Amino acid sequence: MITLQEIIRSIEVLPTEDRDHLFEFLCQQRIQERRAEIAAHARELMQAVDAGTAKMGSVDDLIADLLGDDDESCLE
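Residue positions are given per chain, counted from 1 along the sequence in the order it is written. At least 70 in pLDDT is required for a residue's local features to be given in this predicted model, at least 80 for side-chain atom pairs to be given and counted, and no such filter applies to totals for whole chains, interfaces and linings, which use all residues. Water and hydrogen atoms play no part in the side-chain values, which are based on all heavy atoms of the structure.

Asks: Hey, could you go over the overall build of the protein chain for me, with residue numbers and the actual values?
Replies: Strands here mean DSSP runs of E at least two residues long; helices mean DSSP runs of H or I at least four residues long; both are numbered from the N terminus. When you go through the protein chain residue by residue, the secondary structure sums to three helices and zero strands. Of the regular secondary structure in the protein chain, the N- to C-terminal order runs α-α-α. Residue burial in the protein chain is summarised as follows: out of 76 residues, 3% are buried. Here the open area of atoms and residues is found with the Shrake-Rupley method and a 1.4 Å probe, where only the protein chains shown may cover a residue. Accessible area of the protein chain: about 6800 Å², with a carbon and sulfur share of 57%. Buried means the residue's accessible area, taken with a 1.4 Å probe over protein chains only, is under 20% of the maximum for its type, while exposed means over 50%, and partly exposed covers the values in between.

Asks: Can you lay out the environment of Ile11 for me, pointing to particular residues and giving the numbers?
Replies: Relative to the assigned elements, Ile11 resides in helix H1 (residues 4-12). Looking at Ile11, the relative accessible area reads 27%, which means it is partly exposed. Residues Ile11 and Leu22, spaced eleven residues apart in sequence, show a C-alpha to C-alpha distance of 8.8 Å. Contact between two residues is taken to exist if any of their heavy atoms lie within 4.5 Å; hydrogens are not considered. Other than its neighbours up to four places away in sequence, Ile11 contacts Arg19 and Leu22.

Asks: Account for a nonpolar patch on the surface, with residues named and values stated.
Replies: Each patch groups residues whose relative accessible area exceeds 30% and which form no salt bridge, using 9 Å between like charges and 5 Å between nonpolar side chains of Val, Leu, Ile, Met, Phe, Trp and Tyr. Salt bridges are identified by distance alone: a Lys or Arg side-chain nitrogen within 4 Å of an Asp or Glu carboxyl oxygen. Taken together, the side chains of Ile2, Leu4, Ile7 and Ile8 define a hydrophobic patch exposed on the protein surface, amounting to about 350 Å² of accessible area. Among the structural elements, Ile7 can be located in helix H1. Judged by its relative accessible area of 34%, Ile7 is partly exposed.

Asks: Explain the pattern of salt bridges residue by residue, including any values.
Replies: Scanning the entire structure with this criterion turns up four salt bridges. A salt bridge links Glu37 to Arg30, with the shortest nitrogen-to-oxygen separation between them at 3.5 Å. Since its relative accessible area comes to 32%, Glu37 is described here as partly exposed. The shortest N-O distance in the salt bridge between Glu37 and Arg34 comes to 3.0 Å. Of the two residues, Glu37 and Arg34 are both situated in helix H2 (residues 16-51); the distance of three residues between them amounts to about one turn of the helix. Salt bridges sharing common partners tie together Arg30, Glu33, Arg34 and Glu37.

This is the structure we're talking about:
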């Protein structure tokens, strides 16, 4: 298996134009991966909404939930 350090050394000797293409390729790959992650989260959310298990509320409700407060008194 090739190590990350070996990959870096290989990239360093590439012509600038090739490095630019590689950079663009990696950026596009990451964008596609992130879109797939977002779509998967959206599907999970829609399933939770359909199942009635999704929590809904205001921003204050969210903050209280994250802080573990039941009465939201810290927000006043």
